[in-house]
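In case you want the letters, here they are:
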Amino acid sequence: MKREIIAGNWKMNCTKAETVELIEKLLPLVGDPGKMEVVICVPFTNIDAARKALRGHKSIALGAQNVHWAPKGAFTGEISAEMLKALKVKYVIIGHSERRQYFGETDQSVNARMKAAVAAGLKVIVCVGETLEEREAGKTREVLLRQTSAAFEGIDKSALKQIVIAYEPVWAIGTGKTATPKEANTAAFVIRKALRKQYGRTPAHAMRVQYGGSMNASNVKELMAMPQIDGGLIGGASLKPAEFAKIVHYTEL
Ligand code: 13P
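Presented here is a report on the structure given in the accompanying data block. Computed from a predicted structure; not experimentally measured.

1. Quick notes on the pattern of salt bridges
The tally for this structure, following the rule as stated, stands at 15 salt bridges. In this structure, Glu-37 and Arg-208 form a salt bridge, with 2.8 Å as the shortest nitrogen-oxygen distance. Taken together, the residues Glu-37 in strand β2 (residues 37-41) and Arg-208 in strand β7 (residues 208-212) connect sequence positions 171 residues apart. Here Glu-37 and Arg-208 have matching classes, each one buried. For Asp-230, the salt bridge identified is with Arg-192, shortest N-O distance 2.7 Å.

Structure follows, in C-alpha cells:
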C-alpha cells in the first residue's frame, strides 16, 4: 500500500508573519494525519520561519518551490539544493507549469534541477501537465510522455523513492475547473507508462502520482478514489487552513 501525499503549494503568498499565523492555525486542524503524508511548500523567504513554526510537529513536512541545478556560483536570484538542505527542507517542487509558462522552464532545465535535488538528498515533487491548447489538439498523451521521460532522463532507479509526480493540467490550475476523476486517472496512467518504459513495471507502479488543479474539499474524495491517483498538490485551497485540513482528512468527509 502506497502512502498517500497531500501537499500545499503556497506559491507567492504570505509574508513571514502571515506564514507563521497560517501554520499556527493549520497545525491543530490537521492534528494527527494518520498515514497521510502532509507537506507545505512555502516561498524561500519564509522557509526558516515555517521550519520554526513546525518544530516539534511531525505531522507536516516542509518544502520549497524550486531549486537550481548548480551547487553554487553566479546565478543571481537562484537557490541551491544545499541551501535548502541547510534549512532542513525535505521536499522541493520542480517544473511547476507556472515556472514553465512564465519563467522559461524547459524539459531540460527541469531534468537538471531534478538531478541536483535528488543528488542532495531532497525529495522532489515534479510537475507535468498539458495546456488547454494541447488537450484540445489531442496532444495530452504525447505531452505527458515527453515531459515525464525528459524529467527522468539520467535519474537512477535507486532515486525513485525520493520522487513524487504531480499531474497538473494547466487549464485546471487556479481556474476552478477540475479534471474529471477519469481524466486524472488516465493521465496518471500515461505518466506511469513513461516510467514503465524507463524503469520497468514494478518501480513505475510503486511511484506516487498526485493530481493538482483546483482540488478542494468538495472534489478530493472522488479524485483520490481513482486507482492511479495517490495524492494531491493543492494551490488555492492550501491557503485556507480548514479547507486544507479537510483535504488531508478526506476519508472522513
Ligand atoms: P490550484 O489548486 O489553485 O488550482 O493550484 C494548483 C497548483 O498549481 C498546485 O501546484
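2. Some thoughts on the nonpolar core
The biggest cluster of nonpolar side chains holds 69 residues, and the ones touching the most others in it are Met-114 and Phe-152. Among the elements that line this core, the one with the most residues is helix α8 (residues 181-199), at 7 residues. When sequence neighbours within four positions are dropped, the list of residues in contact with Met-114 reads Ile-94, Val-124, Val-126, Ala-151, Phe-152, Ile-155 and Ile-163. Grouped together as the second largest cluster of nonpolar side chains are 12 residues, Ala-7, Cys-41, Cys-127 and Val-164 included.

3. With respect to the site of the ligand
The ligand sits among 13 residues. The nearest are His-96, Glu-168, Gly-174, Ser-214 and Gly-236. The contact in question runs from an oxygen atom of the ligand to an N or O atom on the backbone of Ser-214, over 2.7 Å. Calculation on the ligand without its partners gives an accessible area of 310 Å², and the protein chains cover 95% of this total. Looking at the shell around the ligand, its residues break down into 4 nonpolar, 7 polar and 2 charged.

4. Comments concerning the packing of aromatic side chains
What characterises a pair of aromatic rings is the spacing of the ring centres plus the angle enclosed by the ring planes. Throughout the structure, instances matching the rule amount to 3 aromatic pairs. Ring plane angle 80° and centroid distance 6.2 Å describe the contact between Phe-152 and Tyr-199, whose orientation is recorded as edge-to-face. In this pair, Phe-152 sits in the loop between α7 (140-151) and β6 (163-167) while Tyr-199 sits in helix α8, placing the two residues 47 residues apart along the sequence. Given a relative accessible area of 1%, Phe-152 falls into the buried group. Its relative accessible area of 7% is what places Tyr-199 among the buried residues. Where Tyr-167 meets Tyr-211, the ring centres are 6.2 Å apart and the plane angle is 55°; that geometry is what we call tilted. Of the two residues, Tyr-167 is situated in strand β6 and Tyr-211 in strand β7; the sequence distance between them amounts to 44 residues. The two residues Tyr-167 and Tyr-211 agree in class, both being buried.

5. Remarks on α7
For α7, which comprises 12 residues, the first-to-last C-alpha distance of 16 Å matches the rise-based estimate of 16 Å (1.5 Å per residue) to within 8%. Those residues of α7 that fall on the buried side of the exposure criterion are Thr-140, Val-143, Leu-144, Gln-147, Thr-148, Ala-150 and Ala-151. In an axial view of α7, the angular spread of the buried residues amounts to 165°, which keeps them on one side of the axis. Looking at the packing, one finds that the buried side of α7 touches α4 (97-102), α5 (107-119), β5 (123-128), α6 (132-136), β6 and α8.

6. Overview of the sheet that holds β5
Pairing is parallel in the closed barrel, where 8 strands are placed in the order β1-β2-β3-β4-β5-β6-β7-β8. Geometrically, the sheet is characterised by an average inter-axis angle of 25° between neighbouring strands, direction not taken into account. Pairing of strand β1 (residues 5-9) with β2 involves 5 bridges; the strand directions are parallel. Across the sheet, residue Gly-8 finds its bridge partner in β2, namely Ile-40.

7. Section: the packing of α7 against α8
Packed helix pairs are characterised by how far apart their axes lie and by the angle those axes make with each other. Viewed as axis vectors pointing N to C, α7 and α8 meet at an angle of 45°, and their least axial separation amounts to 9 Å. Classified by the interaxial angle, the pair formed by α7 and α8 is oblique. Judged by the sense of rotation from one axis to the other, the crossing of α7 with α8 is right-handed. Contacts between α7 and α8 involve Arg-141, Leu-144, Leu-145, Thr-148 and Ser-149 from the first element and Ala-187, Val-190, Ile-191, Lys-193, Ala-194, Leu-195 and Gln-198 from the second.

Conventions and cut-offs
- Each chain carries its own residue numbering, running from 1 in the written order of its sequence.
- Confidence filtering applies because this is a predicted model: local features only for residues at pLDDT of at least 70, side-chain atom pairs given and counted only at 80 or more, and all residues used for totals across whole chains, interfaces and linings.
- By convention in this description, side-chain values take in all heavy atoms of the structure and omit both hydrogens and water.
- Whenever a carboxyl oxygen of Asp or Glu lies within 4 Å of a side-chain nitrogen of Lys or Arg, that contact is scored as a salt bridge.
- Strands here are runs of E lasting at least two residues and helices are runs of H or I lasting at least four, both read from the DSSP assignment and numbered beginning at the N terminus.
- The classification of residues rests on relative accessible area computed with a 1.4 Å probe and restricted to protein chains. Under 20% of the type maximum is buried, over 50% is exposed, and intermediate values are partly exposed.
- Buried residues of nine kinds, namely Ala, Val, Leu, Ile, Met, Phe, Trp, Tyr and Cys, make up a nonpolar core once their side-chain atoms join them within 4.5 Å.
- The criterion used for residue contact is that any of the two residues' heavy atoms lie within 4.5 Å.
- For this purpose, a residue is taken to be near a molecule or strand whenever a single non-hydrogen atom of the residue falls within 4 Å of it.
- For the purposes of these results, a polar contact is taken to be a pair of N or O atoms within 3.5 Å, where, inside protein, one atom must be able to donate a hydrogen and its partner to accept one; residues adjacent in sequence count only when each atom of the pair is a side-chain atom.
- Only the protein chains shown count as covering a residue, and every accessible area follows the Shrake-Rupley method with a 1.4 Å probe.
- The residue classification treats Ala, Val, Leu, Ile, Met, Phe, Trp, Tyr, Cys and Pro as nonpolar and Asp, Glu, Lys and Arg as charged. All others, Gly included, are polar.
- Each aromatic pair joins two rings of Phe, Tyr and Trp (for Trp, the six-membered one) with centres within 6.5 Å, and gets the label stacked for planes under 30 degrees apart, edge-to-face for over 60, and tilted for any other angle.
- Expected helix span is given by 1.5 Å per residue-to-residue step, counting one fewer step than there are residues.
- In this description, the arc belongs to the directions extending from the helix axis to the C-beta atoms.
- Should DSSP find at least two bridges between two strands, the strands are regarded as paired.
- Here the axes come from fitting lines to C-alpha atoms, over the contacting stretch only for helices, and the angles between their N-to-C directions go from 0 to 180 degrees.
- Geometric relationships in this document are graded by angle, where less than 35 degrees denotes roughly parallel, more than 145 denotes roughly antiparallel, 65 to 115 denotes roughly perpendicular, and other angles denote oblique.
- Crossings are classed by handedness, with left-handed meaning an anticlockwise turn of the near helix from the far one by less than a right angle and right-handed meaning a clockwise turn.

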